[in-house]
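Now for the letters of each chain:
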There are 4 protein chains.
Amino acid sequence: MATKAKIAILGASGYTGADAVRLAARHPHVEITALTANTHAGKSMADVFPHFFMLDLPKLVTWESVDWSGLDAVFCGLPHGTTQEITAAVLKANPKIKILDMSADFRLRDGATYAEWYGHEHQAPELQKEAVYGLTELYRDDITKARLVACPGCYPTATLLALVPVAKAGLIHADDIIVDAKSGVTGAGRGLKQNTLFSEAGEGLSPYSIGKHRHAPEIEQEIGVAVGGKVTINFTPHLIPMARGELCTSYVKLNGATADDLRQALADAYKDEPFVHVAPKGVVPQTQNVRGSNYVQIGVFPDRIPGRAIIISTLDNLVKGSAGQALQNMNLVLGFPETMGLEQIALFP
Amino acid sequence: MATKAKIAILGASGYTGADAVRLAARHPHVEITALTANTHAGKSMADVFPHFFMLDLPKLVTWESVDWSGLDAVFCGLPHGTTQEITAAVLKANPKIKILDMSADFRLRDGATYAEWYGHEHQAPELQKEAVYGLTELYRDDITKARLVACPGCYPTATLLALVPVAKAGLIHADDIIVDAKSGVTGAGRGLKQNTLFSEAGEGLSPYSIGKHRHAPEIEQEIGVAVGGKVTINFTPHLIPMARGELCTSYVKLNGATADDLRQALADAYKDEPFVHVAPKGVVPQTQNVRGSNYVQIGVFPDRIPGRAIIISTLDNLVKGSAGQALQNMNLVLGFPETMGLEQIALFP
Amino acid sequence: MATKAKIAILGASGYTGADAVRLAARHPHVEITALTANTHAGKSMADVFPHFFMLDLPKLVTWESVDWSGLDAVFCGLPHGTTQEITAAVLKANPKIKILDMSADFRLRDGATYAEWYGHEHQAPELQKEAVYGLTELYRDDITKARLVACPGCYPTATLLALVPVAKAGLIHADDIIVDAKSGVTGAGRGLKQNTLFSEAGEGLSPYSIGKHRHAPEIEQEIGVAVGGKVTINFTPHLIPMARGELCTSYVKLNGATADDLRQALADAYKDEPFVHVAPKGVVPQTQNVRGSNYVQIGVFPDRIPGRAIIISTLDNLVKGSAGQALQNMNLVLGFPETMGLEQIALFP
Amino acid sequence: MATKAKIAILGASGYTGADAVRLAARHPHVEITALTANTHAGKSMADVFPHFFMLDLPKLVTWESVDWSGLDAVFCGLPHGTTQEITAAVLKANPKIKILDMSADFRLRDGATYAEWYGHEHQAPELQKEAVYGLTELYRDDITKARLVACPGCYPTATLLALVPVAKAGLIHADDIIVDAKSGVTGAGRGLKQNTLFSEAGEGLSPYSIGKHRHAPEIEQEIGVAVGGKVTINFTPHLIPMARGELCTSYVKLNGATADDLRQALADAYKDEPFVHVAPKGVVPQTQNVRGSNYVQIGVFPDRIPGRAIIISTLDNLVKGSAGQALQNMNLVLGFPETMGLEQIALFP
């Protein structure tokens, strides 16, 4: 390829923005042309993320000062709520740009559900209609043709990859799904909060947002699509003293099937997928196996309670759960090989 | 009191043994007379646990060399399987000794269940019949009169305190209980295992013993007692990158009750208990709140799925989950105030 | 004793304040009468520190609203700079109160040095003259008679206990002392800072305040007292991914002495001290040995470079490094046994 | 390039072996042909390192069963002591193979020093004479022509890159160098040891091997080469509760120079180096900046003691400190671009 695709990363001072930089900086066909972080405009990336000392990156600027005309794609790692306005502005300035949105702004298709969970009306309902849900393995064809990709949340990615194929195949009861989710602390972002201080989050474990986490409606939406109806799920997240990684333990009621049937159905569904691996019987997924990588590992186990099974799925919340999946989708929308720049093996130990 | 009770701690080179030493050494009415650790016999405790440098403790000896005649109580922190033989020998030498067993050897009342889960016939069935299950809050009167107290496992303590009152009251369905359990790494003991190395267990999270953990039959036994029947539960433990602490998230199906009803039933059940605290509505238990202490914290939350609720319970696996509860029981069997030597507040941060 | 001493703890929403509460709440002769935290006034302690759920504590109030008349002692865990004014006001309201100041405000005896390091003139120079430096083992007699005790910083406590006896005895060169210091993250306090987020401080290690840390002049002041002159030391702190604990590795140039001589001099100096233990030859101090306790462990080792030695000292920065030492001093000023309420053994593992 | 170089990795069940696999598996011009681990022969790599689930790797075999004939290079990640014999056997079987040794066996040029520190005579003194010390930045030309490269220890790499240029230039006194070194727990390897259990090493900090660490003579050897004489240094390592990463704080006595002079000398020495970055004045190196990467970051700071300075250097002990530097050297001996397969950016957070 003669020229590189030009990209901008908005919200580059946050963790998902930074991981997009980490991956894009080594992507052979990408050139990072602009980095924005409105509260840090004027600084170098190494000022806000010193581990980028070895890279020659553009300075941080405000998003308003970016020239969108020559850009091929934009990663949005902005806080929820602000993305709608900015995306609209970007696409108005250059309607050909591909948007890889890592925020939650375009994930919920139903306006009322969005308003209920986010506390305000959606600000860009037309764009919401256009947006494609960016769970690559489920919506690959649509994503390839999309202009605006709403990359899923980290928990929905882990949960839906584990549940959609078996729900769709009718192997489980969609009205009795319990998802006990565990996440590393980066999932809470780089904002300053007392409960994510090292001294508070370290050496301890806390459930949070019980019954109220905004990833629940996203999971329900897609399980609903899979089974053709409205579903309500239990989704209970826990904050774990590790930086990266996420593991969802899903407790499901079987519809006559066995744990082996579920494992087989998942293995069939993902047999050609480069990033989703179904573990052989008896192999237990763990976050260590995917840390820093774009891979997902899924395992299925029988429950002691007859007629139930346990599905365990794990990923790195900043990679397949955010920036990695966004880059995977960028590869699709820009016509690059899907795995390009994403084949890093987990960093273990 | 004129004289102090004389105690021995068997298995003092393990974590539960060490925590028994930590607590007993500061108990005002106790004198540690013997410490055993057969593979370390001849060493000082500070050789195997340097944080005891400030204590004047007896040297480690083999259990065979202990003079049982003058002892009032014995803590057993021995590996599963060896305790049956040793307990029998101790009680033969001095039938008046009180045994606080922290191993699993006398927890399962049913011989067949024991054989199924531990792979061999019970070696002391008569003592098994005599043993009292040492969950203080449930069996206080029996413990007070007991000679052999089978202190519960850490997970059963956390789970049963959360579930027994509501199961007994018929507020939940006993055949649909899912316990997603999370434990710090000390739960795996001090034995050398690859998966508990810092480099392996740190910064990561793994489920383990899925459907096969030996605490499951113990929980089932006591839920069964509560509801008067045989029950099968889901119990799925996860290894968390922290040293101490345990949190069980129990997903229950309601029998017409609400989450508020469950919370009230638990608050009523524990209103006079010194170590079990039911959190007010909305307050989320976390392991940080109980680290290093003998306290248990329990919270109840509604589930998004109608007719279900979530009960969260947390404790320190080495204290209320082991050595602390053993000392609490020792206070009962020796006639000391139940809370004596056990009122340490959680070490946070 | 008929009545308990009444104390107030100012700055109870910070880590040192909280550790003072943890210790004082279990002190047999103390009653916590007032707790202040101006930004949290009106809340309960369990709102800001949920691990106090089991205690019946007074509500948080502003310091201005405290009635000082009936108080015996006040712990100040306030930010540097504010303490001077507040202490003056407290002592004006009740000149008989004993002040245990855990801030840095009264540690430096020289006004010019204070102004140089803290950027402003001292606001209570008369009180500064009255204040006694609260390193218990060095100034016990003065502390016993003091009204205002300026408890030392955590690093100075660890460093001075290791160095003062050997410097005073002329065993080392006071002009060639290099202190490589390592601290857990609680040392940075509970304020929200990016570098103390779990995701930033975890799994990594950073030097900080190189050549500029405010504990340097405090160490220099007291080494200067020991040798009778002005000294300049190297003090280089590092942030370590643990919550509690501090370890100082001091590299010293010997004045004809050997490492064994240093160890003996320290052992002699501390032979009757309840909280300072000099490790036998070959035993290496580690923070794990003192976590959550008021103990200090010191070890001495020969250097490969002839004529040099290494002194290693460790303590818990929130206990002997702050609230524990303050309580130890409170015991002195109120006439209680010095070790009362402070004999907790390290929480290990 | 038409064909890929064929490599074997010996000791693939250890951490340095695994990191060599992680890097080599994604190197565009390398094919992993054999993996050995004698105690795990017959297993797949995913059995011993489950994070390799996505790779198609050869099964583990014993080193004796490898066919050396078609191999281009061999990485040795074997325990110290065994490498001498195995290397001799490999080179006898195929004298054209390039050996990248990650053990300590060929690092010390002086037989007597080797015998003193390792407790036995060197078993392959002829190969020792042939071996080139594999600190790439110091011995690039020799390495390029070498058959047997003795890759340095992790600590020597960090320390020597910081000190050799300034020692060589006479800017510091070589007889007064104090290196306070801090390492993550992977530095202790995957062998089962009590002090590297999560429950023991976590949340705590311990110095170790004080004055006795085997990396000391290696550092002394190379500083000696730089200054043309025999030197003795202080080298004091500390175990830090993190998996990866190493930071050395070197305290040096200046020879008339300033800290700025040292920084400039280092910047000049490394201005064309791809992996060694000298931080600008005021920027503090931290392990987080290099985690999982082959980069080294060095910073220089003035000391409060006149005439002294502080040099801080950091790297990932398993990458630039071991497998990464070995791969960098492999690129040299096989004629690939030096940075190929090694440009991963640090994984932060």
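Residues numbered from 1 in each chain as written. Chains lettered and ligands numbered in written order. Predicted model: local features only at pLDDT ≥ 70, side-chain atom pairs only at ≥ 80, totals over all residues. Heavy atoms only, no water.

(A) Spotlight on the state of the cysteines. The full count for this structure, using the stated rule, is 0 disulfides over all chains. No disulfide involves Cys154 of chain B; its sulfur sits 8.3 Å from that of Cys248 of chain B, the nearest cysteine. (Disulfide = S-S within 2.5 Å.)

(B) Spatial organisation of the interface of chain A and chain B. The partner chain B presents 48 residues to the 48 residues of chain A that form the contact. Its salt-bridge partner being Arg308 of chain A, residue Asp176 of chain B comes within 3.7 Å of it at the nearest N-O pair. The tally of links between chain A and chain B comes to 25 residue pairs in polar contact (both at pLDDT 80 or more). Of all the elements in the fold, those that place two or more residues in the side of chain A that touches chain B are strand S8 (178–183), helix H8 (198–201), strand S9 (206–207), helix H9 (215–227), strand S10 (234–239), strand S11 (246–253) and strand S14 (308–315) of chain A. In the side of chain A that touches chain B, the residues fall into 23 nonpolar, 13 polar and 12 charged. (Contact = heavy atoms within 4.5 Å. Salt bridge = Lys/Arg side-chain N within 4 Å of Asp/Glu carboxyl O. Polar contact = N/O pair within 3.5 Å; in protein donor to acceptor, adjacent residues only side chain to side chain. Helix = DSSP H or I, 4+ residues; strand = E, 2+ residues; numbered from the N terminus. Nonpolar A, V, L, I, M, F, W, Y, C, P; charged D, E, K, R; others polar.)

(C) Spotlight on helix H11 (residues 319–334) of chain B. Residue and element names in this part refer to chain B. Between its terminal C-alpha atoms H11 stretches only 19 Å, short of the 22 Å expected from 16 residues at 1.5 Å a residue. At Gln325, H11 is bent by approximately 45°, the largest bend along its length. Buried residues dominate H11, accounting for 15 of its 16 residues. In the stretch just after H11, Gly335 is the one whose phi turns positive, near 80°. (Expected span 1.5 Å × (residues − 1). Bend = angle between axes of the 7 residues up to and from the residue. Buried < 20%, exposed > 50% of the residue type's maximum accessible area, 1.4 Å probe, protein only.)

(D) The arrangement of the UniProt feature "active site" (unreviewed entry) in chain A in detail. All names here are of chain A. Per the UniProt entry, the sites bearing "active site" (unreviewed entry) are Cys154 in this numbering. Topologically, Cys154 is positioned in helix H7 (residues 154–168). When neighbours within four sequence positions are excluded, Cys154 is seen to be in contact with His215, Glu246, Leu315, Asn317 and Gly321. (UniProt positions renumbered as here; feature names shortened; annotations may be inferred.)

(E) Spotlight on the packing of aromatic side chains. For the coordinates displayed, the defined rule picks out 34 aromatic pairs over all chains. Relative to Phe235 of chain B, the ring of Tyr155 of chain B has its centre 4.9 Å away and its plane inclined at 75°; by these criteria the two rings are edge-to-face. Taken together, the residues Tyr155 of chain B in helix H7 (residues 154–168) and Phe235 of chain B in strand S10 (residues 234–239) connect sequence positions 80 residues apart. Summarising the burial analysis for this pair, Tyr155 of chain B and Phe235 of chain B share the class buried. Here the aromatic cluster, defined as three or more aromatic residues joined through ring pairs, consists of Tyr15, Phe49 and Phe52 of chain A together with Phe348 of chain D. The ring centre of Phe49 of chain A lies 3.8 Å from the NZ or CZ of Arg190 of chain A, which sits over that ring. (Phe/Tyr/Trp six-rings, centres within 6.5 Å; stacked < 30°, edge-to-face > 60°. Lys NZ or Arg CZ within 6 Å of the ring centre and 35° of its normal.)

(F) Just the sheet that holds strand S4 (residues 73–76) of chain C, in detail. Residue and element names in this part refer to chain C. Read across the open sheet, the 7 strands follow the order S3-S2-S1-S4-S5-S7-S6; overall the sheet is parallel. The sheet is open, and its two borders are formed by strand S3 (60–61) and strand S6 (132–133), each paired with just one other strand. Each of strand S1 (5–10), strand S2 (30–36) and S4 touches helix H1 (residues 15–24); the most contacted strand, S1, lies at about 160° to it. (Pairing = 2+ DSSP bridges. Axes fitted to C-alpha atoms, helices over the stretch in contact; angles between N-to-C directions.)

(G) Quick peek at empty space enclosed by the protein. One pass over the structure, following the stated rule, counts 5 cavities of 30 Å³ or more. Counted as a void, the largest cavity has a volume near 220 Å³. Looking at the largest cavity, it is lined by 16 residues, and the ones nearest its centre are Pro241 of chain A, Phe198 and Pro241 of chain B, Phe198 of chain C together with Pro241 of chain D. Taken together, the residues that form the lining of the largest cavity break down as 8 nonpolar, 4 polar and 4 charged. (1 Å grid on protein atoms, 1.4 Å probe; cavity = no way out; pocket = protein on both sides within 12 Å on 5 of 7 lines; lining within 4 Å. Points joined across faces, edges and corners; volume = space filled by probe spheres on them.)

(H) Representation of the side chain of Thr287 of chain D in the model. Checked against the element boundaries, Thr287 of chain D lands in the loop between strand S12 (276–278) and strand S13 (296–302). In this structure Thr287 of chain D comes out as buried when scored by relative accessible area, which is 1%. Residues contacting Thr287 of chain D, with those up to four places away along its chain left out, are Glu203, Gly204 and Leu205 of chain C together with Met242, Gly245, Glu246, Leu247 and Thr314 of chain D.

(I) Structural view of the relation of the copies chain A and chain B. Laying chain A over chain B is done by rotating through 180° and shifting 0.0 Å along the axis; what remains is an RMSD of 0.0 Å. Such a turn and shift between the copies fits a two-fold axis. Across chain A, the smallest distance between a C-alpha and the rotation axis is recorded for Pro241 of chain A, namely 3.1 Å. Take the interface residues of chain A: 100% of them recur as interface residues in chain B, which is what a same-surface contact looks like. (Least-squares fit on C-alpha atoms with pLDDT ≥ 70 in both.)

(J) Main features of the domain arrangement of chain A. Residue and element names in this part refer to chain A. Segmenting chain A into domains produces domain 1 (5–130) and domain 2 (155–317). For domain 1 versus domain 2, the separation of C-alpha centres amounts to 27 Å. Each side of the interface is counted separately: domain 1 has 13 residues, and domain 2 has 16 residues. Buried surface at the junction of domain 1 and domain 2, both sides included, amounts to about 1300 Å², of which 48% is carbon and sulfur. Inspection of the domain 1/domain 2 interface yields 8 residue pairs in polar contact (both at pLDDT 80 or more). Among the secondary structure elements, those contributing two or more residues to the side of domain 1 that touches domain 2 are helix H1 (15–24) and helix H4 (111–118). In terms of residue class, the side of domain 1 that touches domain 2 is made up of 6 nonpolar, 2 polar and 5 charged. (Domains from an automatic or database assignment. Buried area = accessible area lost by both parts, 1.4 Å probe.)

(K) Region of interest: unusual backbone geometry. Residues and elements named next belong to chain B. Residue Pro349 is reached from Phe348 by a cis peptide bond, and omega for that bond is 0°. You can see Pro349 is positioned in the segment after H11. The backbone of Glu203 sits at a positive phi, close to 50°, despite the residue not being glycine. With respect to the helices and strands, Glu203 occurs in the loop between helix H8 (198–201) and strand S9 (206–207).

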